[in-house]
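# Understanding the architecture of this molecule
Chain residues, written in single-letter form:
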Amino acid sequence: IYSDSEKASKAVALEIASLIRERAKEKKPAVLGLATGSSPKKVYQELIRMHKEEGLSFKNVITFNLDEYYPMQPDAIQSYVRFMKEQLFDHVDIPLNNINIPDGTLSIEKIPEFCRDYDEKIEKLGGLDFQLLGIGRNGHIGFNEPGSLINSRTRLMTLDISTKIDAAIDFGGLEKVHKKAITMGIDKIMHAKRVILLAWGEHKAESVARAVEGPVTSDIPASYLQQHNNATFILDETAAAALT
Ligand code: F6R
């Protein structure tokens, strides 16, 4: 628990940077699972600063984003491809081929194969070295909505009403929010060697408390992280307010 999200984000960015540098020394890739949304923005800002001011290179970084709305064009304002370019990728030296984000432009019949390939690509690299997460007010991680199983794979998911309400502002109204998204499953998140979940603000306090202190249940997918051996919730004081 940190006094504010800025200090917390700097600590998280430092951990990611150390991992990238360590793997570079070993001449190995750092395989990162990344999130979008408001929670990781300051972490990405700090990583960009470290790239510009401290020579942190992303040449050995391979990324897998958690999710993308479906359908979605990559240049659309709500696209997570666009988000990642604006918030991180356009400002660092990551090779374009090293970036993986679920493809919102696929025809529906191509999605199962795409999802299998996405998981296989992660497996072939030996799994994710690090997974960055946010948490939904309904306890989702990625777009693994309540009901998602611990061994769920990358797949097309129907969005929960609370997720759509939270996305309404980006889409210009609830009725315009896309009904589906492609999300990495819980399985790859649980097999990541290190997991950090970020939560800032009072509106996250209840889902954080249920995830950390409640029973492990598919009703709150983030609660599965209680069973991960190297997962940390990084919170500001308001997001931690409902913990006992
Ligand atoms: C985003 C994602 C979601 C968000 C969560 C919190 O890629 O997978 O699970 O992390 O909805 O969103 P913010 O950070 O906007 O509160």
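Residues numbered from 1 in each chain as written. Predicted model: local features only at pLDDT ≥ 70, side-chain atom pairs only at ≥ 80, totals over all residues.

### Focus: the overall build of the protein
Along the backbone of the protein there are 7 helices and 9 strands. For the C-alpha atoms alone, the extent of the protein along its principal axes is close to 45 × 45 × 35 Å. Here the protein holds 244 residues, and 43% of them are scored as buried. In the protein, the proportion of contacts linking residues at least 24 apart, taken out of those at least 6 apart, comes to 78%. (Helix = DSSP H or I, 4+ residues; strand = E, 2+ residues; numbered from the N terminus. Buried ≥ 20, exposed ≤ 12 C-beta atoms within 10 Å, placed from the backbone. Contact = placed C-beta atoms within 7 Å.)

### Observations regarding the site of the ligand
The ligand sits among 14 residues. The nearest are Thr-36, Gly-37, Ser-38, Ser-39 and Gly-134. Broken down by class, the residue content of the shell around the ligand amounts to 5 nonpolar, 8 polar and 1 charged. (Near = placed C-beta within 6 Å. Nonpolar A, V, L, I, M, F, W, Y, C, P; charged D, E, K, R; others polar.)

### With respect to the sheet that holds strand β3 (residues 67-70)
What the 3 strands build is an open sheet, ordered β3-β7-β6; its pairing is antiparallel. Across the chains shown, the open sheet's two edge strands, defined by having one partner strand only, are β3 and β6 (155-158). Taken over all neighbouring pairs, the strand axes of this sheet differ in orientation by 30 degrees on average, direction set aside. Here 4 bridges tie β6 to strand β7 (residues 180-183), and the two strands are oriented antiparallel to one another. Looking across to β7, one finds that Thr-158 is bridged to Lys-180. (Pairing = 2+ DSSP bridges. Axes fitted to C-alpha atoms, helices over the stretch in contact; angles between N-to-C directions.)

### Some remarks on the environment of Phe-64
Summarising the element assignment, Phe-64 is placed in strand β2 (residues 61-65). Distance from Phe-64 to Ser-5, taken between C-alpha atoms, is 24 Å for residues 59 residues apart in sequence. Each residue touching Phe-64, except ones within four places of it in the same chain, is listed here: Gly-33, Asn-100, Ile-122, Leu-128 and Met-184.

### Looking at the UniProt feature "domain: Glucosamine/galactosamine-6-phosphate isomerase" (unreviewed entry) in the protein
This chain's UniProt record puts "domain: Glucosamine/galactosamine-6-phosphate isomerase" (unreviewed entry) on residues 4-232. Secondary structure content for residues 4-232 is 36% helix and 15% strand, and the end C-alpha separation is 16 Å. (UniProt positions renumbered as here; feature names shortened; annotations may be inferred.)

### Some words on unusual backbone geometry
Tyr-70 connects to Pro-71 through a cis peptide bond whose omega is -10 degrees. In this structure, Pro-71 sits in the loop between β3 and α3 (80-87). A positive phi angle, near 60 degrees, is found at Lys-27, a position not held by glycine. Of the residues examined, Lys-27 has 7 C-beta atoms within 10 Å and is grouped as exposed.

### Brief notes about the sheet that holds strand β9 (residues 231-235)
Note: strands within a sheet are paired through backbone hydrogen bonds, in either parallel or antiparallel orientation. If you walk across this open sheet you meet the 6 strands as β4-β2-β1-β5-β8-β9, and the pairing is parallel. With one partner strand each, in any of the chains shown, β4 (99-100) and β9 form the two edges of the open sheet. Bridge analysis of β2 against β4 gives 2 bridges, and the strand direction is parallel. The residue bridging Thr-63 from the neighbouring strand is Ile-99, located in β4. Here helix α1 (residues 5-25) sits on the sheet and contacts β1 (30-34), β2, β5 (130-133), β8 (195-199) and β9; the angle it forms with β1, its principal contact strand, is near 150 degrees.

### Digging into α1
The terminal C-alpha atoms of α1 lie 30 Å apart, and with 21 residues this matches the ideal 30 Å at 1.5 Å per residue to within 8%. Listed as buried for α1 are Ser-5, Ala-8, Ser-9, Val-12, Ala-13, Ile-16 and Ile-20. In an axial view of α1, the angular spread of the buried residues amounts to 135 degrees, which keeps them on one side of the axis. Exposed side of α1, more than 90 degrees from the buried face: Lys-7, Ser-18, Glu-22 and Lys-25 are the residues found there. Taken together, the buried residues of α1 touch β1, α2 (41-54), β2, β5, β8 and β9. Two residues or fewer past α1, Lys-27 is found with a positive phi of approximately 60 degrees. (Expected span 1.5 Å × (residues − 1). Arc of directions from axis to C-beta.)

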